[in-house]
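Structural characterization, general
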Amino acid sequence: MAWSIAEVARMSGVTARTLRHYDEIGLLQPAWIGSNGHRYYEERHLLRLQQVLVLRALGVGLPEIGRILAAQVDEVEALRGHHRRLLAERDRLNALAGTVAHTITELEQSRKDGTDMISITRPENLFEGIRSAQCMKALHGSPGLAGAIERHNAALSEAELEADERERTAQMIRLAELLAAGLPPDAEAVQAEIDTQYRTLARIRAATAEEYRAIGRTCVENEHWYAWYEAIAPGLAAYQRAAIEAYAATRLS
């Protein structure tokens, strides 16, 4: 049995344009092209498309997906591997969802009590389900810096990783308090906080001005980073980026 490109697009939720692109780059070629110029796919192609979409959902880029699919021998074993990755990602997202729910509860309670919205019982809870290595996957354009951070984190013990997360959380909360106070991103107190963040990073590897700007952009452009910042205080992601831009322009350029 075969399905037309329109039918495959409808079943998978992938646009026909994307399917044609997958064909052009050799990732998913159709079984044949009809006299009408339409592409047709058989069952084995649907299975391959499923693998492509699973890997895409896990954040794997198209070139790497092509290499993974080209190297695999047994489809069942490959699917088992994808299944394990999905279960691990499910567990991580469940932990992250629980973290955000916990934060919402504490923020709502603080507002009822009339206390500072940044007052959180256990700040380290904000980063349950989040690891620095996961954060660095989103840092595109700075492979040298991302690689240095990943190697550093790989050498840390669980206790050291937790301490690192608590430090990063404390830094973000201090910045959120400056945002709540109405200070502009280039204010002296804000820049002093960004300098603390930079020096923490520099213990691993000093970032260039452009690398540091890339971190600032990622705070806003990457949906996961953005959600983490906004869970602490609305507008914090953009505030962090603007503060980093000011720091890079005055101290790293």
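So, about the sheet that holds strand 3 (residues 39-42). Strands sit in the order 1-3-2 across an open sheet of 3 strands; the sheet is antiparallel. Of all strands in the sheet, those with a lone pairing partner are strand 1 (2-4) and strand 2 (32-33), marking the two edges. Those strands touched by helix 1 (residues 5-12) are strand 1 and strand 3, and its axis lies near 90 degrees from that of strand 1. Sitting on the sheet, helix 3 (residues 43-57) is in contact with strand 1 and strand 3, with an inclination near 85 degrees to strand 3.

Moving on: the side chain of Arg 213. Summarising the element assignment, Arg 213 is placed in helix 10 (residues 209-221). A polar contact is formed between the side chain of Arg 213 and the side chain of Glu 245, at a distance of 3.3 Å. When neighbours within four sequence positions are excluded, Arg 213 is seen to be in contact with Ile 244, Glu 245, Ala 248, Ala 249 and Ser 253.

Helix length check: helix 12 (residues 236-252) (17 residues) gives 22 Å between terminal C-alpha atoms against 24 Å at 1.5 Å per residue, within 8%. Taken together, the buried positions of helix 12 are Leu 236, Ala 237, Tyr 239, Gln 240, Ala 243, Ile 244, Ala 246, Tyr 247 and Ala 248.

Relative orientation of the contacting elements helix 1 and helix 2 (residues 16-24) amounts to 110 degrees, with a least axis distance of 9 Å. What the angle tells us is that helix 1 and helix 2 run roughly perpendicular. Considering only the axes of helix 1 and helix 2, their crossing is right-handed. Together, Ile 5, Val 8 and Ala 9 of helix 1 and Ala 16, Leu 19 and Arg 20 of helix 2 make up the contact between the two elements.

Looking at where His 45 falls in the secondary structure, it is placed in helix 3. One polar contact links the side chain of His 45 to the main-chain carbonyl oxygen of Gln 29, over a distance of 3.4 Å. The residues touching His 45, leaving out its near neighbours within four places in the chain, are Leu 28, Gln 29, Pro 30 and Ala 31.

Turning next to the pairing of strand 3. Relative to strand 3, strand 1 is paired through 3 bridges, and the arrangement is antiparallel. When the sheet's bridge partners are listed, Ser 4 is paired in strand 3 with Tyr 40. Bridge count for strand 2 against strand 3 is 2 bridges, and the pairing is antiparallel. Residue pairing for strand 3: Trp 32 is matched across the bridge by Tyr 40. Connecting strand 2 to the next strand, strand 3, in antiparallel fashion are 5 residues, including Gly 37 with a positive phi near 85 degrees.

In this section: the packing of aromatic side chains. Scanning all chains against the criterion turns up 4 aromatic pairs. Ring geometry for Tyr 198 versus Tyr 212: centroids 5.0 Å apart, planes at 80 degrees, classification edge-to-face. Taken together, the residues Tyr 198 in helix 9 (residues 188-202) and Tyr 212 in helix 10 connect sequence positions 14 residues apart. Judged by relative accessible area, Tyr 198 falls into the buried class, the value being 11%. Judged by its relative accessible area of 3%, Tyr 212 is buried. With a centroid separation of 5.6 Å and 40 degrees between ring planes, the pair formed by Tyr 198 and Tyr 247 is classed as tilted.

What counts and how
- Residues numbered from 1 in each chain as written.
- Predicted model: local features only at pLDDT ≥ 70, side-chain atom pairs only at ≥ 80, totals over all residues.
- Heavy atoms only, no water.
- Pairing = 2+ DSSP bridges.
- Helix = DSSP H or I, 4+ residues; strand = E, 2+ residues; numbered from the N terminus.
- Contact = heavy atoms within 4.5 Å.
- Axes fitted to C-alpha atoms, helices over the stretch in contact; angles between N-to-C directions.
- Polar contact = N/O pair within 3.5 Å; in protein donor to acceptor, adjacent residues only side chain to side chain.
- Expected span 1.5 Å × (residues − 1).
- Buried < 20%, exposed > 50% of the residue type's maximum accessible area, 1.4 Å probe, protein only.
- Parallel < 35°, antiparallel > 145°, perpendicular 65-115°, else oblique.
- Left-handed = near helix turned anticlockwise from the far one by under 90°.
- Phe/Tyr/Trp six-rings, centres within 6.5 Å; stacked < 30°, edge-to-face > 60°.

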